[in-house]
Amino acid sequence: MALSDTRKRLPVVDALPVPDDRRIRAAQPGQLPTPRYAVWELTLACDQKCIHCGSRAGRARHGELTTDECLDVVRQLRELGVGEVTLVGGEAYLRDDVILIVRAIREHGMRASMTTGGRNLTQARADALAEAGLWNASVSIDGLEPEHDRLRGVPGSWRSAFAAIERLRAAKIPTSVNTQINALTRHSLPAMFELVADAGAFGWQLQITAPFGNAADRADLLLQPFDLLELFAVLETLVPRVRGRGMVFWPANNLGYFGPSEGELRRGQKRGAHYKGCVAGKYQIGLESDGTVKGCPSLGGPQNDAGNVRDRSLSDLWAQSVALSYIRERGPEDLWGFCATCYYAEPCRAGCTATAEPLLGRPGNNPFCHHRALEMDRQGLRERIEPVAPAPGRPFDHGYFRIVREPADADARARIGIVGVDEPRVPRTIEPRGAGRPLRADEHDRQ
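Owing to the predicted nature of the structure, the values given are computational and were not obtained by experimental measurement. (Residues numbered from 1 in each chain as written. Predicted model: local features only at pLDDT ≥ 70, side-chain atom pairs only at ≥ 80, totals over all residues. Heavy atoms only, no water.)

Visitor: Requested: an account of the overall build of the protein, with residues and values cited.
Guide: Tallying secondary structure elements over the protein gives 15 helices and twelve strands in all. A compact globule built from 447 residues should have a C-alpha radius of gyration of about 22 Å, and the protein, at 21 Å, falls within 12% of that. On the principal axes, the C-alpha backbone points of the protein span a range of 75 × 45 × 40 Å. A buried classification covers 58% of the 447 residues belonging to the protein. In the protein, once contacts between residues fewer than 6 apart in sequence are set aside, the share between residues at least 24 apart is 70%. (Helix = DSSP H or I, 4+ residues; strand = E, 2+ residues; numbered from the N terminus. Rg over C-alpha atoms; globule rule 2.2 N^0.38 Å. Buried < 20%, exposed > 50% of the residue type's maximum accessible area, 1.4 Å probe, protein only. Contact = heavy atoms within 4.5 Å.)

Spelled out as structure tokens, the structure:
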């Protein structure tokens with residue numbers, strides 16, 4: 001369907017409804033929580049070749065939802081209580097019906113937003129999205145030009161991303177930037193901030209590259225847990241500069257936790273200015289382009305497959321799926337390793353599930369934590385990760401890593417060697433609850 005044809009199908013609406021907000025409404029004891037935020041992978045088709053892509057995007061999934069099915073999903077999301085829907089991919093704008101879907105989201109009283117790499121986001125596309133009611137957009141820019149183009153696998157991608165910001169802003173769509181922090185980009189953050197601010201972005205979201213999808217195959221790209229000490233020293237000087245330019249700063253759910261800068265990082269994001277645990281399947285819902293439902297858009301595998309909207313309604317899946325209820329019901333007994341005895345165990349619950357589970361096969365023990373890195377450093381130790389088994393090569397898949405503890409001092413490392421190891425644990429498909437037992441070598445392919 002051509003863009004002009006899509007516009008012809010848009011209903012004539014004098015004024016779109018003011019969207020509902022996406023603020024979390026705390027559930028009462030025994031009450032089912034309401035998902036306020038949805039992230040919807042509209043297609044896996046993509047115009048870039050990112051070497052860190054969690055969904056291994058490129059070609060459309062087999063059996064992606066039709067236009068009519070998508071419009072019905074919009075209706076169901078609103079009935080479920082969702083206040084904002086973020087369209088992602090692949091590249092959402094590569095679907096010819098994206099304008100219809102954005103308009104439907106707005107007509108149902110929800111915010112419609114989009115995360116994009118922007119490589120082929122033309123002015124015509126930006127204008128059409130604005131006309132349909134796109135509330136805001138976030139352009140993915142990872143590092144300076146050489147780093148970004150290497151990560152995206154397409155020369156010129158960095159310049160295209162900044163051009164996309166210009167086009168979106170010309171269409172009067174408020175635009176922010178999101179950036180992944182990894183071994184290639186970690187030293188470029190201060191220089192990149194100036195470029196992002198000068199481009200007119202209203203906000204900047206930072207997250208660390210997590211070990212799933214293509215990134216699971218590139219251990220050299222991943223940060224080491226001990227890198228957090230230097231990273232947060234940079235962030236402590238950078239965040240005030242971001243806010244000083246009038247921009248919003250968002251630490252993503254896998255950037256933290258509970259270090260001395262936690263309050264400053266999250267004061268504009270969380271009540272109480274601290275991380276409050278994973279909300280996947282609790283206040284957030286994810287959808288894949290073939291109709292598969294999950295709690296977090298970044299999680300995959302059978303343990304996170306809550307069912308499909310072609311088979312059951314969203315409301316039924318939300319209320320009854322074991323995969324979605326896991327996060328709601330997860331307690332201290334599901335934690336293990338350092339996280340099981342941490343002072344912040346109760347509110348944190350081992351941080352981002354989409355970082356811990358792909359790393360070690362099971363959530364509950366997350367080495368990518370500022371507080372943990374500081375505690376290790378006080379003991380004269382550091383932690384690093386090393387791969388144990390490769391990923392099978394599917395969207396949102398993962399391999400297995402282990403956590404290695406060793407002296408922080410190089411001379412002591414050479415003299416003493418490794419002082420502790422956390423091996424990966426069995427996935428939730430083998431043991432649904434609890435801390436899980438260590439994974440055997442013959443179980444590496446059972447995700």
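Visitor: Describe in detail the environment of Trp204, supporting the description with residues and values.
Guide: In this fold, Trp204 is placed in strand S6 (residues 203-208). Sequence spacing of Trp204 and Val239 is 35 residues, and the spatial spacing of their C-alpha atoms is 9.9 Å. Apart from residues lying up to four places away in sequence, Trp204 is in contact with Val177, Thr179, Leu189, Met192, Phe193, Leu238, Val242, Met247, Val248, Phe249 and Trp250. Side chain to side chain, Trp204 and Thr179 meet in a polar contact 2.9 Å long. (Polar contact = N/O pair within 3.5 Å; in protein donor to acceptor, adjacent residues only side chain to side chain.)

Visitor: Explain the sheet that holds strand S12 (residues 420-422) to me, using residue names and the numbers behind them.
Guide: Taken in spatial order, the three strands of this open sheet run S10-S11-S12, and their pairing is antiparallel. Two strands bound the open sheet, and with one partner strand each, they are strand S10 (381-389) and S12. Sheet twist, expressed as the mean angle between neighbouring strand axes with direction ignored, is 25 degrees. Relative to S12, strand S11 (residues 400-407) runs antiparallel, the two being bridged by three bridges. Within S12, the residue paired with Val404 across the bridge is Val421. Contacting S10, S11 and S12, helix H13 (residues 353-360) runs over the sheet at an angle of about 95 degrees to S11. Against the sheet, helix H14 (residues 370-378) contacts S10, S11 and S12, and its axis sits at roughly 120 degrees relative to S10. (Pairing = 2+ DSSP bridges. Axes fitted to C-alpha atoms, helices over the stretch in contact; angles between N-to-C directions.)

Visitor: Explain the side chain of Ser176 residue by residue, including any values.
Guide: Tracing the sequence through the fold places Ser176 in strand S5 (residues 175-181). Sequence-distant contacts of Ser176, that is, excluding residues within four places in its chain, are made with Ala137, Ser138, Val139, Ala201, Phe202, Gly203 and Trp250.

Visitor: So what's going on with the packing of aromatic side chains? Residues and values would help.
Guide: Applying the stated rule across the entire model yields seven aromatic pairs. Seen from their ring centres, Tyr343 and Tyr344 are 5.0 Å apart, and the 90 degrees between their planes marks the pair as edge-to-face. One aromatic cluster is present, built from ring pairs that chain together Phe258, Tyr343 and Tyr344. The cationic tip of Lys294 hangs over the ring face of Phe396; the distance from NZ or CZ to the ring centre is 3.5 Å. For Arg328, the ring lying beneath its charged end belongs to Trp318, and the centroid distance is 4.5 Å. (Phe/Tyr/Trp six-rings, centres within 6.5 Å; stacked < 30°, edge-to-face > 60°. Lys NZ or Arg CZ within 6 Å of the ring centre and 35° of its normal.)

Visitor: Describe the pattern of salt bridges, naming the residues involved and giving the relevant values.
Guide: In total, this model carries 36 salt bridges according to the counting rule given. Beyond isolated ion pairs, a larger network of salt bridges with shared partners links Arg382, Arg384, Glu386, Arg402, Glu406 and Glu423. (Salt bridge = Lys/Arg side-chain N within 4 Å of Asp/Glu carboxyl O.)

Visitor: Residues and numbers for the nonpolar core, please.
Guide: If you look at soluble globular proteins, the nonpolar side chains tend to sit buried side by side. Of all hydrophobic cores here, the largest spans 84 residues; its most connected members are Trp40, Leu77, Leu87 and Trp204. It is helix H8 (residues 227-244) that contributes the most residues to this core, seven residues altogether. With near-sequence residues (within four places) excluded, Trp40 lies in contact with Leu65, Cys70, Val73, Val74, Leu77, Val85, Thr86, Leu87, Val88, Ile101, Leu287 and Glu288. One finds Tyr275, Ala280, Leu299 and Cys348 within the second-largest nonpolar core, a separate group that totals 13 residues. (Core = buried A, V, L, I, M, F, W, Y, C linked by side-chain atoms within 4.5 Å.)

Visitor: If you had to explain the side chain of Arg362 to someone new, which residues and values would you point to?
Guide: Considering the arrangement of structural elements, one finds Arg362 in the loop between H13 and H14. One buried charged residue, Arg362, remains without a salt bridge, the closest side chain of opposite sign being Glu431 at 5.1 Å. In terms of polar contacts, Arg362 uses its side chain to reach the backbone carbonyl oxygen of Pro427, at 3.4 Å. At 3.1 Å, the side chain of Arg362 forms a polar contact with the backbone oxygen of Gly434. (Lys, Arg positive; Asp, Glu negative; His and termini not counted.)

Visitor: So what's going on with the environment of Cys296? Which residues, and what values?
Guide: Following the sequence through the fold, Cys296 ends up in the loop between strand S9 (293-294) and helix H10 (314-320). Residue classification places Cys296 among the buried residues on the basis of a relative accessible area of 10%. Dropping the residues within four chain positions of it, Cys296 is found in contact with Ala280, Gln284 and Ala354.

Visitor: Would you mind going over the environment of Ile403 in detail, with residue names and values included?
Guide: Considering the arrangement of structural elements, one finds Ile403 in strand S11. Residue classification places Ile403 among the buried positions, given a relative accessible area of 0%. For the pair Ile403 and Glu264, spaced 139 residues apart in the sequence, the C-alpha separation amounts to 29 Å.

Visitor: So, the sheet that holds S9: which residues are in play, and what are the values?
Guide: Read across the open sheet, the nine strands follow the order S7-S6-S5-S4-S3-S2-S1-S8-S9; overall the sheet is mixed. Edge positions in the sheet fall to strand S7 (248-251) and S9, since each has one partner strand and no second. Here strand S2 (residues 84-88) runs beside strand S3 (residues 111-116); their pairing, made up of four bridges, is parallel. Its bridge partner lying in S3, Leu87 is registered against Met114. Sheet strands in contact with helix H2 (residues 67-80) are strand S1 (37-41), S2 and strand S8 (284-287), and its direction is about 165 degrees off that of S1.

Visitor: If you had to explain H13 to someone new, which residues and values would you point to?
Guide: The buried count for H13 comes to eight of eight residues, which makes it a mostly enclosed element. Within H13, the full set of buried residues consists of Thr353, Ala354, Thr355, Ala356, Glu357, Pro358, Leu359 and Leu360. Among the structural elements, helix H11 (322-329), S10, S11 and S12 are those in contact with the buried residues of H13. Gly361 occupies a position one or two residues after H13 and carries a positive phi of about 85 degrees.

Visitor: Account for the state of the cysteines, naming residues and giving values.
Guide: Scanning the entire structure with this criterion turns up zero disulfides. No disulfide involves Cys53; its sulfur sits 5.9 Å from that of Cys50, the nearest cysteine. Residue Cys53 is classed as buried on the basis of its relative accessible area, which comes to 18%. Just so you know, Cys352 is unpaired, no disulfide at all, and the nearest cysteine sulfur is the one on Cys296, 6.1 Å from it. Looking at Cys352, the relative accessible area reads 12%, which means it is buried. (Disulfide = S-S within 2.5 Å.)

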